[in-house]
Amino acid sequence: MLSVSGFRILLDCPLDLSSLAIFSPVPIALEAHESLETDSVVRKKQKIEKTLDANDLVFAEPWYKTVKSLHLWDASFIDVILISSPTGMLGLPFLTRTKDFSAKIYVTEAAARIGQLMMDDLVSMHMELRQFYGPEDSSFLQWMRWEGLEVLPSELKKIALGADCEELGAWMPLYSAVDVKDCMRKVQTLKYAEEACYNGTLVIKAFSSGLEIGTCNWTINGPKRNIAYISSSIFVSTHAMDFNFLGLQGNDLIIFSDFSTLDTTENMENDNTYCDPVASSNARSIEVKSMHHVCSDDLYNLEEIAASLLKDDENMEEMEKLAFICTCAFDSVRAGGSVLVPIDRLGIVLCLLEQMSLLLESSSLKVPIYIISSVAEELLAFTNIIPEWLCKQRQEKLFSGEPLFAHVKLIKERKIHVFPAVHSVELLTNWQEPCVVFCPHWSLRLGPVVHLLRYWCSDPNSLLILESGDDANLALLPFKPMAMKVLQCSFLSGISLQKVQPLLKALQPKLLLFPKDLRCKIQISEANTIIHYSENETLCMPSSKESTEIDIATDLASQFHWKTLKQETVTRLDGELFMDQGKHRLLSGFRQADSKQHRPLLHWGSPDLKRLLTELSKMGITGTLKKNMDSAESKNAAGIIDIDDPEKALIDVRETGTVIITADENLASHIFKAIDIVLDGI
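It should be emphasised that the depicted structure is a prediction, and the values quoted were computed from it without experimental measurement.

Parameters at a glance
Residues numbered from 1 in each chain as written. Predicted model: local features only at pLDDT ≥ 70, side-chain atom pairs only at ≥ 80, totals over all residues. Heavy atoms only, no water. Helix = DSSP H or I, 4+ residues; strand = E, 2+ residues; numbered from the N terminus. Buried < 20%, exposed > 50% of the residue type's maximum accessible area, 1.4 Å probe, protein only. Contact = heavy atoms within 4.5 Å. Areas by Shrake-Rupley, 256 points an atom, 1.4 Å probe, with all protein chains shown as cover. Pairing = 2+ DSSP bridges. Axes fitted to C-alpha atoms, helices over the stretch in contact; angles between N-to-C directions. pLDDT = per-residue confidence, 0-100. Patch = residues over 30% accessible without salt bridge, like charges linked within 9 Å, V, L, I, M, F, W, Y side chains within 5 Å. Salt bridge = Lys/Arg side-chain N within 4 Å of Asp/Glu carboxyl O. Phe/Tyr/Trp six-rings, centres within 6.5 Å; stacked < 30°, edge-to-face > 60°. Polar contact = N/O pair within 3.5 Å; in protein donor to acceptor, adjacent residues only side chain to side chain. Core = buried A, V, L, I, M, F, W, Y, C linked by side-chain atoms within 4.5 Å.

Attention shifts here to the overall build of the protein. In terms of regular secondary structure, the protein is built from 19 helices and 32 strands. Across the 682 residues in the protein, those meeting the buried criterion constitute 49%. At a minimum sequence separation of 6, the contacts of the protein that also span at least 24 residues come to 70%. Total accessible area on the protein is roughly 33200 Å²; 53% of this is exposed by carbon and sulfur atoms.

Here's what the structure looks like:
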């Protein structure tokens, strides 16, 4: 949460969908549910922590974990919400459905559409799951009561309550389809580099981050500071527009918020290839990382730094990784098994579809590929009409008359089949095995994957492809014992640590906000002023601009009459002050005829008493000069003028100020005019 120029800005509003792992999927054995309470009470009494099994999971309609303490926020205090990715907007309906919400939501056009489809699909999968649990009643919240939490195994309790036991309030029931529609009506979409001006003060722009279609980083330009917010980014993408880091140059403050390397073993001193822990006894894991150091003393100019950052070595490794996955899938179907792919990364799915289709086509195997999702048809159609959001290689296909992605042709040739649900009549009629199925949800708790995984989990020839990063052992718990092979894959999801330093060297911020948790993985050059931030910590940043710039209309600028005041040159202008596009502007305004409006508004110095007496006598006012002997300041110009004609008055002149005392308002006005003549003013 940022506070900029008095406005509060929320950066992204996601959901922690990995927390769904504490719930039991359906269908599930009823006897397991019946034995849950007895088993839990025994374990509580004996204080024994046994190995987790399916009976330990929460048997209830799932709730969803939002940002911690979201239910305590006053939504009316939020002025702006900036969304960096489709997944970053999954928690938005929880905010937009509150009574006092009035914030402006900015998101790119592509991310908004994909995010809406993801929310619709989540609602659809949840509604399907509710059909198994039946109508809502008071019993399904038993697990959230303290006695229910006490009997949870420590591993599940940590997910439910958080490490500090303060995250129970983050759980909420899922929003509805109506809430999603209402949320989207409050969203303002932008193109890349399109300016949006909020309240005439903040200029907001989105620049591509390369992670997924429509994902972005943000710049916020205000009167006192220019800010760049860097989320998870990929320099060269296989599908989305590349990371436009040059668009982030010229900002005083950079907020680095790419946490993609936090859970990896990558560090600046390690040049080795490594693997993630094995998820199960028959699971395999692959991890290919580029450890080429791109930061060297030879990179002195921006062109060389940019060229080093845009090397496609990571891109090539991603393609090699996808090829390896396709080979494993091909081996499974050749052995008579089927392949299940519940990966939610849209770009990865699109690239896997292309490579897997080519591999199967080049062989003699006739294996169907199924895509099962309530939004799959609309999502796939959308990805082929958005060339402006894709990488250059994809855009070139448009000019050559080819589809942007291969799935368009493959669907027409009936090599890929798209269905809205696993129980649809068309799918049951068309179904063949072995096959390859792409479907949600990667948590293995919602959607078609639950039914298909229970169907294939005992087949040793079948293959499940999971994205690493989450606890696969917990995710697979309800389906054990598993004979099915499991392949865990880690895909490029952010800026590698070796490229952080060159990136900052190219951007050259005056001030860098960097995650404290990443400090042990990388040392940032001291050339940057660094402030480390962590969760639940409030930081106040010094202003980077000592003064405010103002644009002055030409006709006003021609009226400058400079005067010196305490070694500063000043002038007086008469106009109307506006805030527009984050800049102060002074324009010619309506001038009133009253001459009082053009009197000096500011005087400085002490009046010369003898000259003041002369000016007063010209106005027919007579008086005598007296020294102010009662004041410690009685020296030089300090003194008193005692006026006796035309009325009694007193002018007390001191170094700190001049006071006019009289009962006659007209006389006071004449005295002020005389002082105005004697003193300098504007």
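Attention now moves to the sheet that holds strand E4 (residues 80-82). With mixed pairing, 5 strands are arranged side by side in an open sheet as E1-E2-E4-E5-E7. Two strands bound the open sheet, and with one partner strand each, they are strand E1 (2-4) and strand E7 (187-190). Strand-to-strand twist of the sheet, defined as the mean angle between neighbouring strand axes without regard to direction, takes the value 30°. Judged from the 4 bridges that link them, strand E5 (residues 104-108) and E7 form a sheet pairing that is parallel. Within E7, the position partnered with Thr108 by the bridge is Leu190.

Looking at the protein as a whole, its pLDDT mean stands at 82, while 83% of the residues score no less than 70. Below pLDDT 50 for its whole length, residues 28-38 participates in 10 contacts with residues either more than four positions away or in separate chains. Across residues 40-47, confidence stays below pLDDT 50; counting only partners more than four residues off in sequence or on other chains, it has 8 contacts.

Turning our eyes to something else, we now look at a nonpolar patch on the surface. A surface patch of nonpolar side chains, about 330 Å² in accessible area, is lined by Met1, Leu72 and Trp73. Its location among the elements puts Met1 in the segment before E1. According to the relative accessible area criterion, Met1 is exposed, its value standing at 54%.

Before going further, it helps to spend a moment on the packing of aromatic side chains. Enumeration over the complete set of coordinates arrives at 12 aromatic pairs. Residues Phe235 and Phe245 carry aromatic rings whose centres are separated by 5.7 Å and whose planes lie at 70° to one another, so their mutual orientation is edge-to-face. Placement of the pair is Phe235 in the loop between strand E11 (226-230) and strand E12 (253-256) and Phe245 in the loop between E11 and E12, with a sequence separation of 10 residues. Residue classification places Phe235 among the buried residues on the basis of a relative accessible area of 2%. Chaining the aromatic ring pairs together yields one cluster made of Tyr370, Phe419, Trp431, Tyr455 and Trp456.

In this section: the side chain of Asp56. Position of Asp56 relative to the elements: it lies in the loop between helix H1 (30-46) and strand E3 (64-65). Polar contacts involving the side chain of Asp56 include one to the main-chain amide nitrogen of Asp53, which spans 2.9 Å.

Counting across every chain of the model gives 19 salt bridges. Its salt-bridge partner being Arg130, residue Glu61 comes within 3.5 Å of it at the nearest N-O pair. Highlighted residues: Glu61 in the loop between H1 and E3 and Arg130 in helix H3 (residues 109-133), separated in sequence by 69 residues. The class of Glu61 is buried, set by a relative accessible area of 6%. Judged by its relative accessible area of 23%, Arg130 falls in the partly exposed class. When the shortest N-O distance is used, the salt bridge between Lys65 and Glu167 registers 2.7 Å. Residue Lys65 is located in strand E3, and its partner Glu167 is located in the loop between helix H5 (154-161) and strand E6 (171-172); the two are separated by 102 residues in the primary sequence. Taken as a pair, Lys65 and Glu167 share a single burial class, namely buried. Ionic contacts of the salt-bridge type, sharing partners, join the residues Asp182, Arg185 and Lys186 into one network.

The linkage connecting Glu433 with the following residue, Pro434, adopts the cis geometry, with an omega of 0°. The residue Pro434 is located in the loop between helix H13 (425-430) and strand E17 (436-438) in this model. Residue His441 follows Pro440 across a cis peptide bond; omega there is 10°. Phi is positive for Asn199, which is not a glycine, with a value near 55°. A relative accessible area of 54% means that Asn199 is categorised as exposed. We note that Gln508 has phi near 50°; this positive angle belongs to a residue other than glycine. As for its position among the elements, Gln508 is in the loop between helix H16 (500-507) and strand E20 (511-515). The class for Gln508 is exposed, based on a relative accessible area of 62%.

Glancing now at helix H14 (residues 448-456). Structurally, the α-helix is built with 3.6 residues per turn, so residues lying three or four positions apart point the same way. All of the buried residues in H14 are Pro448, Val449, Val450, Leu452, Leu453 and Trp456. In this fold, the buried residues of H14 make contact with strand E14 (339-341), strand E15 (369-372), E17 and strand E18 (463-467).

This part is about the sheet that holds strand E28 (residues 622-626). Ordered by their spatial adjacency, 4 strands build an open sheet running E28-E29-E30-E31, and the pairing between neighbours is antiparallel. A single partner strand is all that each edge strand has here, and the edge strands are E28 and strand E31 (657-662). Mean inter-strand twist for the sheet, computed between neighbouring axes without regard to direction, equals 15°. Packed onto the sheet, helix H19 (residues 665-678) meets strand E29 (639-645), strand E30 (649-654) and E31 and runs at close to 155° relative to E31.

Where burial is concerned, most of strand E9 (residues 202-208) is hidden: 7 out of the 7 residues are buried. Burial along E9 is two-sided: the face carrying Leu202, Ile204, Ala206 and Ser208 and the face carrying Val203, Lys205 and Phe207 are both buried. Strand direction decides the pairing type here: strand E8 (residues 196-198) and E9, joined by 3 bridges, are antiparallel. Its bridge partner being in E9, Ala196 is matched across the sheet by Ile204. Once E8 ends, the chain turns through 3 residues before running back antiparallel as E9, passing Asn199 with a positive phi of about 55°. One ladder, built from 6 bridges, connects E9 with strand E10 (residues 216-221); its direction is antiparallel. By the bridge assignment for E10, Ile204 is matched with Ile220.

Counting residues in each nonpolar core, the largest one holds 71 residues, and the members touching the most others are Ile9, Leu82, Tyr106, Ile213, Trp218, Leu352 and Phe438. When residues of this core are assigned to their parent elements, the largest contribution, 9 residues, is made by helix H9 (residues 346-362). Once residues within four sequence positions are removed from consideration, Trp218 is found in contact with Leu82, Ile83, Ser84, Tyr106, Val107, Leu190, Ile204, Lys205, Ala206, Ile227, Ala228 and Tyr229. Listed in part, the 53 residues of the second largest apolar core include Ile83, Val123, Leu129 and Trp171.

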